[in-house]
Amino acid sequence: MKIGIVCYPTFGGSGVLATELGKALAQKGHLVHFITYQQPVRLNGFIPNIFYHEVQVPTYPLFDYPPYETALASTMVDVIKNNKLDLLHVHYAIPHASAAYMARQILLKENYKIPVITTLHGTDITLVGKDKTYAPVVTFSINESTAITAVSENLKEETFKHFNITKNIEVIPNFVDVKRFTRKPIDAFRKVIAPKNERILLHASNFRKIKRVEDVVKIFAAVKKVKPAKLLFVGDGPERSTAENLGRDLGVCDDIQFVGKQEQMEDIMAIADLFLLTSAYESFGLAALEAMAAGVPVVASNAGGLSEIIKDGYCGFMSNVGDVDNMAKQALSIVENDKTLVQFKKHASLHAKQFDISKVIPLYEKLYEKYL
Ligand code: GMT
């Protein structure tokens, strides 16, 4: 098949998932055309069967806001026509679903019919999308998609709750390449972070308010009182300084390291003992799944779709959002003794396997075939 993929090219989960999907499809022999405003972060190096089309948004003195959506729709038309694409798969509704609707209408005038699949990822529904500034366009363009998928049952429910959706939404969960994340820890790297073999706690996100990074710092401070530990923060974003300042106030800053945005997540995950995800909401929590695939148990909030991927008491624990005391107790119960930690690590690896890339890619292929 010749498939167009539209996504955000940044470090966010939706872009990561869309890029990994495109790479996996290309490996299976499909021709995959990425249409984004920048090279997606996980699309590095030469990969056969992958094509990249950058959306250019020319500026003009009249434009206080350059019309990205118009440029995107025009690029979609151009790429679809010139490469004779069979299908367009857009990730994250805003503005990808509405731009796809526009492109589809333009192509219809030329008798070119193309199915559009829209995958909903989370904040496009639960945060940004339901805002009345966007809601009518989001509702319309989701309904106009040929097929709609959501990354969890919870997100499907949230979508029906907040929007008047007249079509079925198919749940296709996010996935992870378990083989890629099954890595031996790089000893030298582990020693730099934890020279005295302290436990390594890890959090990775875009440091937005919804992630509640201050809870991560509080949990870490409580764990550290009992068990020597280090905290690694991966990623960057608006709440980074909040985390840093709190670390200073709680006197644990020297044991926290901010390593910024990272591409080789599998190497970092491999050295961690526990992943913390304290978000107020997660439609899925792809970072937690990647951690589990690397054999890292997760302590998380029980928000959104997290309970669909974490088996409480088996490969991690969940608590109510903001219940840092309980999360700290749970974290300690995993990392305090070696035997329990080893067992939770083993369970995490095992549990992640049900979301392995080899199980989920065929679900997308089946969906594509249905609409071709
Ligand atoms: O978490 C973010 O803020 C990034 C966001 C995105 O759209 O890139 O992530 C969402 O999509 C991911 C991939 O499907 C999910 O794993 C995340 O849980 C989801 N984030 C939220 O729902 C907050």
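Residues numbered from 1 in each chain as written. Predicted model: local features only at pLDDT ≥ 70, side-chain atom pairs only at ≥ 80, totals over all residues. Heavy atoms only, no water.

## Things to note about the environment of histidine 33
Where we set the bar: A run of DSSP states H or I qualifies as a helix once it reaches four residues; a run of E qualifies as a strand once it reaches two. Both are numbered from the N-terminal end. Residue contacts follow a heavy-atom distance rule, with two residues in contact if any of their heavy atoms lie within 4.5 Å. Residues adjacent in sequence count toward polar contacts only when both atoms are side-chain atoms; beyond that, a polar contact is any pair of N or O atoms within 3.5 Å, and within protein one must be able to donate a hydrogen and the other to accept it.
Tracing the sequence through the fold places histidine 33 in strand 2 (residues 31-36). As a C-alpha pair, histidine 33 and proline 48 span 15 residues in sequence and 11 Å in three-dimensional space. Excluding anything up to four places from it in sequence, histidine 33 contacts Ile3, Gly4, Ile5, Phe51, His53, Val79, Asn83 and Leu85. Among the polar contacts listed, one links the side chain of histidine 33 to the side chain of histidine 53, at a separation of 2.8 Å.

## Describing the site of the ligand
As a reminder of what qualifies: A cutoff of 4 Å decides nearness: a residue is near a molecule or strand if any of its heavy atoms lies inside that distance of it. Surface accessibility follows the Shrake-Rupley procedure with a 1.4 Å probe radius. Residue values consider only the protein chains on display as shielding. Each residue is assigned to one of three groups, with Ala, Val, Leu, Ile, Met, Phe, Trp, Tyr, Cys and Pro labelled nonpolar, Asp, Glu, Lys and Arg labelled charged, and all others, Gly among them, labelled polar. An automatic or database domain assignment supplies the start and end points of every domain.
Within the structure, the ligand sits among 17 residues, and Ser14, His121, Asn206, Lys211 and Glu282 are positioned closest to it. Between serine 14 and the ligand, the recorded distance is 2.8 Å, taken from a backbone N or O atom to an oxygen atom. Asparagine 206 has a polar side-chain atom sitting 2.8 Å from an oxygen atom of the ligand. Out of a free accessible area of 490 Å², the ligand has 94% covered by protein chains. Broken down by class, the residue content of the shell around the ligand amounts to 5 nonpolar, 10 polar and 2 charged. Split by domain, the residues of the shell around the ligand number at least three in each of domain 1 (2-174 + 357-371) and domain 2 (178-355).

## Some words on the pattern of salt bridges
Short version of the rule: Salt bridges, as used here, are contacts in which a Lys or Arg side-chain nitrogen is within 4 Å of a carboxyl oxygen on Asp or Glu. Relative accessibility decides the category of a residue: with a 1.4 Å probe and only protein chains considered, values under 20% of the type maximum give buried, values over 50% give exposed, and everything between is partly exposed.
For the structure on display, the rule yields 19 salt bridges. The partner of glutamate 20 in a salt bridge is arginine 180, with the nearest N and O atoms 2.9 Å apart. Separated by 160 residues along the polypeptide, glutamate 20 in helix 1 (residues 13-27) and arginine 180 in helix 7 (residues 178-181) bring together distant segments of the chain. Classification of glutamate 20 by relative accessible area gives buried; the value is 10%. Put simply, glutamate 110 and lysine 81 hold a salt bridge, and the shortest N to O gap is 3.1 Å. One end of the pair, glutamate 110, is in the loop between helix 3 (93-109) and strand 5 (116-120); the other, lysine 81, is in helix 2 (residues 68-83), with 29 residues separating them in the sequence. Residue glutamate 110 is classed as partly exposed on the basis of its relative accessible area, which comes to 44%. Several salt bridges share partner residues, and in doing so they unite Glu20, Lys23, Arg42, Arg180, Glu266 and Glu290 into one network.

## Section: the sheet that holds strand 11 (residues 274-277)
Note the cut-off: Whether two strands pair comes down to DSSP finding at least two bridges between them. The axes are straight lines fitted to the C-alpha atoms, using for helices just the contacting stretch, and the angles between their N-to-C directions are given from 0 to 180°.
One open sheet accounts for 6 strands, arranged 10-9-8-11-12-13; its pairing is parallel. Looking at which strands have only one partner, the edges of the open sheet turn out to be strand 10 (256-260) and strand 13 (316-319). Across the sheet, the mean angle from the axis of one strand to that of its neighbour is 20 degrees, orientation sign disregarded. Sitting on the sheet, helix 9 (residues 213-226) is in contact with strand 8 (199-204), strand 9 (229-234), strand 10 and strand 11, with an inclination near 165 degrees to strand 9.

## A look at helix 15 (residues 338-352)
Applicable threshold: An expected span of 1.5 Å times one less than the residue number is assigned to each helix.
Look at helix 15: 21 Å from first C-alpha to last across 15 residues, which is about the 21 Å you get at 1.5 Å a residue. Buried residues along helix 15 sit in contact with helix 7, strand 8, helix 12 (286-293), helix 13 (306-309), strand 13 and helix 14 (324-335). Put simply, asparagine 337 is the residue that caps the front of helix 15, since its side-chain oxygen is 3.0 Å from the backbone nitrogen of lysine 339.

## Remarks on the pairing of strand 13
Residues Gly316 and Met318 point to one face of strand 13 and Phe317 and Ser319 to the other, with burial holding for every one of them. Two elements, strand 12 (residues 298-301) and strand 13, share 4 bridges in a ladder whose sense is parallel. Following the sheet pairing, serine 301 is matched in strand 13 by serine 319.

## Remarks on the sheet that holds strand 3 (residues 50-54)
In space, the 7 strands of this open sheet follow the order 3-2-1-4-5-6-7, with parallel pairing throughout. Of all the strands in the sheet, just strand 3 and strand 7 (169-171) have a single pairing partner and so form its edges. Strand-to-strand, the axes of this sheet are offset by a mean angle of 25 degrees, without reference to chain direction. Pairing of strand 4 (residues 87-91) with strand 5 involves 4 bridges; the strand directions are parallel. Looking at the pairing, leucine 88 lines up with valine 116 of strand 5. Sitting on the sheet, helix 2 touches strand 1 (2-6), strand 2, strand 3 and strand 4, and the angle it makes with strand 2 is about 160 degrees. Sheet strands touched by helix 6 (residues 153-162): strand 5, strand 6 (147-150) and strand 7. Its angle to strand 7, the strand with the most contacts, is close to 160 degrees.

## Concerning the packing of helix 2 against helix 3
To be explicit about the condition: By definition in this entry, angles of less than 35 degrees are roughly parallel, angles greater than 145 are roughly antiparallel, angles of 65 to 115 are roughly perpendicular, and the rest are oblique. Should the near helix be turned counterclockwise from the far one by less than a right angle, the crossing is left-handed, whereas a clockwise turn marks it as right-handed.
Here helix 2 crosses helix 3 at 50 degrees, and the two axes come no closer than 8 Å. On the basis of their axis angle, the class for helix 2 and helix 3 is oblique. The interaxial crossing formed by helix 2 with helix 3 has right-handed handedness. For the pair helix 2 and helix 3, the contacting residues are Tyr68, Glu69, Leu72, Ala73, Met76, Val77, Ile80 and Lys81 in the first and Pro95, His96, Ser98, Ala99, Ala100, Met102, Ala103, Ile106 and Leu107 in the second.

## Thoughts on a nonpolar patch on the surface
Note the cut-off: For patches, a residue must show more than 30% relative accessible area and have no salt bridge; joins then use 9 Å for like charges and 5 Å for nonpolar side chains, namely Val, Leu, Ile, Met, Phe, Trp and Tyr.
A cluster of nonpolar side chains, Tyr60, Leu62 and Phe63, forms an exposed patch at the surface whose accessible area comes to about 350 Å². Using a relative accessible area of 34% as the deciding quantity, one classes phenylalanine 63 as partly exposed.

## Comments concerning the domain arrangement of the protein chain
Interfaces are often described in size by the accessible area the parts lose on coming together. To keep it simple, the criterion reads: Values labelled buried area give the accessible surface lost by two parts on being combined, using a 1.4 Å probe and summing over both.
What the domain assignment lists for the protein chain is domain 1 (2-174 + 357-371) and domain 2 (178-355). When each unit is reduced to the centre of its C-alpha atoms, the spacing between domain 1 and domain 2 is 30 Å. In total, about 1600 Å² of surface goes out of reach between domain 1 and domain 2, with carbon and sulfur atoms giving 53% of it. Sorting the residues of domain 1 by area buried against domain 2 places Phe11, Arg42 and Asn174 first, and these three jointly supply 34% of that buried surface. The tally of links from domain 1 across to domain 2 stands at 2 salt bridges. Where domain 1 meets domain 2, there are 9 residue pairs in polar contact (both at pLDDT 80 or more).

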